[in-house]
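# Geometric and topological summary
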Amino acid sequence: MGDVILRIKDLTKKFGHKTILNKVNLDIKSGEIFGIIGLSGSGKTTLLNTIIGFLHPEGGDVMFKLEHLLDYKDDTLSYRSVFKNTDDIKKSFGFAAQSPSFYRKLTSMENLSYFGDLYNLSSDVKKTNSEILLQLMGIYESRNLQASNMSGGMQKRLDIACALIHDPKLLILDEPTSDLDPILRKQMWYLIKQINEKGTTIILSSHFLDELELLCDRVGILYEGQIIKAGTPNEIKNYYSKEEEIRLETSPGKYNKIINALKKDTKELSIKRMAIEDNKLIIYTQKAERSLHQVLHILENQDEILIDVTVEKPTLHEVLERLITTKKNEKDN
C-alpha cells in the first residue's frame, strides 16, 4: 500500500435534526481495499455518497490526492476538496451504487460508450477501455445483449464496468454482492481483487463480513456516526477480542457431558463460555493450548472419537456483534 490518497476529516452529515455522520475521521491508502462495516442503518451508504460528493456535509471535508500531485513536495498542498473540485474528482473517482446506474434498454457496449462520452473519452480510448472491461468482467460474449435481458450477476458486473470506463484511481462500491447467490458473490469478490491488482484503490461496504475479512486490507467500523476503529481484520479482532475459539466435532457427540466436565476448570483454563452450534462444540478461551489439552483428556475418558478440531480467532462478524453489544451496555449504564 502507498501513501494516503483520501483524507476524511471531521465529516458530519445530518438529515433534518438527525445526525448520521458525526465527525468521521479516516485515511484511505493508495492501492488498498478498504471495507466499511457496521449495522444496518449505521450510515455506510451515507458515508460513501458523501465521499463521492453526491451529498454535501454540514461539517468537515473529504480531501483527495490527485494523481499529478502524488509526488508534490508540500504534502499539505497536494490534496483537493471533493466538494470544491468536482471536475477533477469525477475523473479520478468511480462509483457503483446498490441500484444499477446503467440504461436497461441499451446493450453493454452501448452503455459503456455512453458513459465514456460523459467523460469525454476519445473514440479509440473508449473502444479500447470497453473491450478490456467487458473481457475483465466476463461479459464480452454478451456485449450486444440488451442490459434488461442480462442476469443479476451480469448486471452487477456491467454496472462496475461503467464505473471503470474512465480508468479511475479510486473505485467506490456500495454492497456490490447484495442479492447475489454464494457462487456469484465469490466470483464478484475475485473480480474486485483483480481490479485492485491492476492498481485501483477500492472502498466498499458489505454485510457479508466473513467474506470481507478475506478480501480487505483494512476495515473500519462505523458505529453511531463515527469510525470507532480502523485496521486490518486481524488487528480489529486482536484489539476487541483476546479469545480464541476451539471448534470440536466428535462422535457420538455428547457435548453437554463434555461441557459439564470442563466447567470445573473454566477459571484455570480462562474459558469464557461454551456453545453448541451446527453439531460442533465451540469453546471460547484465552488459553487455547491448555484448554485443548484438557478437552482431549476428557474426550478420551468419555470414549468420544475426535472427528475434527480447529483453533482460530472469532470471526469479524462475531467481534462486531460483541463490540456493538458492549457499546450498548455501556450506554445503558
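What comes next concerns the included structure. (Residues numbered from 1 in each chain as written. Predicted model: local features only at pLDDT ≥ 70, side-chain atom pairs only at ≥ 80, totals over all residues. Heavy atoms only, no water.)

The end-to-end C-alpha distance of helix H6 (residues 182–197), which contains 16 residues, comes to 23 Å, matching closely the 22 Å that a straight helix rising 1.5 Å per residue would cover. Residues Arg-185, Met-188, Trp-189, Leu-191, Ile-192, Ile-195 and Asn-196 constitute the buried set of H6. In an axial view of H6, the angular spread of the buried residues amounts to 160°, which keeps them on one side of the axis. Opposite the buried face of H6, by more than 90 degrees, sit the exposed residues Ile-183, Lys-186, Tyr-190 and Glu-197. (Helix = DSSP H or I, 4+ residues; strand = E, 2+ residues; numbered from the N terminus. Expected span 1.5 Å × (residues − 1). Buried < 20%, exposed > 50% of the residue type's maximum accessible area, 1.4 Å probe, protein only. Arc of directions from axis to C-beta.)

With antiparallel pairing, 4 strands are arranged side by side in an open sheet as S2-S1-S4-S5. Strands at the two margins of the open sheet, each flanked by one partner only, are strand S2 (18–29) and strand S5 (79–81). Direction aside, the axes of adjacent strands within the sheet are offset by 25° on average. (Pairing = 2+ DSSP bridges. Axes fitted to C-alpha atoms, helices over the stretch in contact; angles between N-to-C directions.)

With that settled, consider the nonpolar core. Most often, soluble globular proteins have nonpolar side chains that are buried together. Counting residues in hydrophobic clusters, the biggest one holds 44 residues, and the most contacted among them are Met-137, Ile-160, Ile-195 and Leu-204. Residue contributions to this core peak at 7 residues, all from helix H5 (residues 152–164). Sequence-distant contacts of Leu-204, that is, excluding residues within four places in its chain, are made with Ile-33, Phe-34, Gly-35, Ile-36, Leu-173, Trp-189, Ile-192, Leu-212, Leu-215 and Cys-216. (Core = buried A, V, L, I, M, F, W, Y, C linked by side-chain atoms within 4.5 Å. Contact = heavy atoms within 4.5 Å.)

Let's shift gears to the sheet that holds strand S13 (residues 280–285). Strand order in the open sheet formed by 4 strands is S12-S13-S11-S14, and the pairing between neighbours is antiparallel. The sheet is open, and its two borders are formed by strand S12 (271–277) and strand S14 (305–312), each paired with just one other strand. For this sheet the average axis-to-axis angle between neighbouring strands, irrespective of direction, equals 20°. Of the pairings in the sheet, the one linking S12 to S13 comprises 6 bridges and is antiparallel in character.

Another point: the pattern of salt bridges. A side chain of one charge can pair with a side chain of the opposite charge if their charged atoms are brought near each other. All told, the structure shown has 9 salt bridges when counted by the stated rule. For the salt bridge of Asp-117 with Lys-126, the shortest nitrogen-to-oxygen distance reads 2.7 Å. Looking at Asp-117, the relative accessible area reads 42%, which means it is partly exposed. Assessed through its relative accessible area of 13%, Lys-126 is described here as buried. Where Arg-185 meets Glu-211, a salt bridge forms, and the shortest distance between an N and an O atom there is 2.9 Å. Here Arg-185 is found in helix H6, whereas its partner Glu-211 is found in helix H7 (residues 209–215), with 26 residues between them in sequence. The exposure class of Glu-211 is partly exposed, given its relative accessible area of 22%. When salt bridges with common partners are traced through the structure, they connect Glu-245, Arg-247 and Glu-312 into a single cluster. (Salt bridge = Lys/Arg side-chain N within 4 Å of Asp/Glu carboxyl O.)

Residues of helix H8 (residues 233–240) that are buried include every one of Pro-233, Ile-236 and Lys-237, and no others. Taken end-on, H8 shows its buried residues confined to a sector of 95°, consistent with a single buried face.

So, on to the environment of Val-311. One can find Val-311 in strand S14. Each C-alpha atom of the pair Val-311 and Arg-247 lies 6.4 Å from the other, and the pair is 64 residues apart in sequence. Discounting chain neighbours no more than four positions away, the residues touching Val-311 are Glu-244, Glu-245, Ile-246, Ala-288 and Leu-292.

Treat this as a map of the structure, not an account of what it does.
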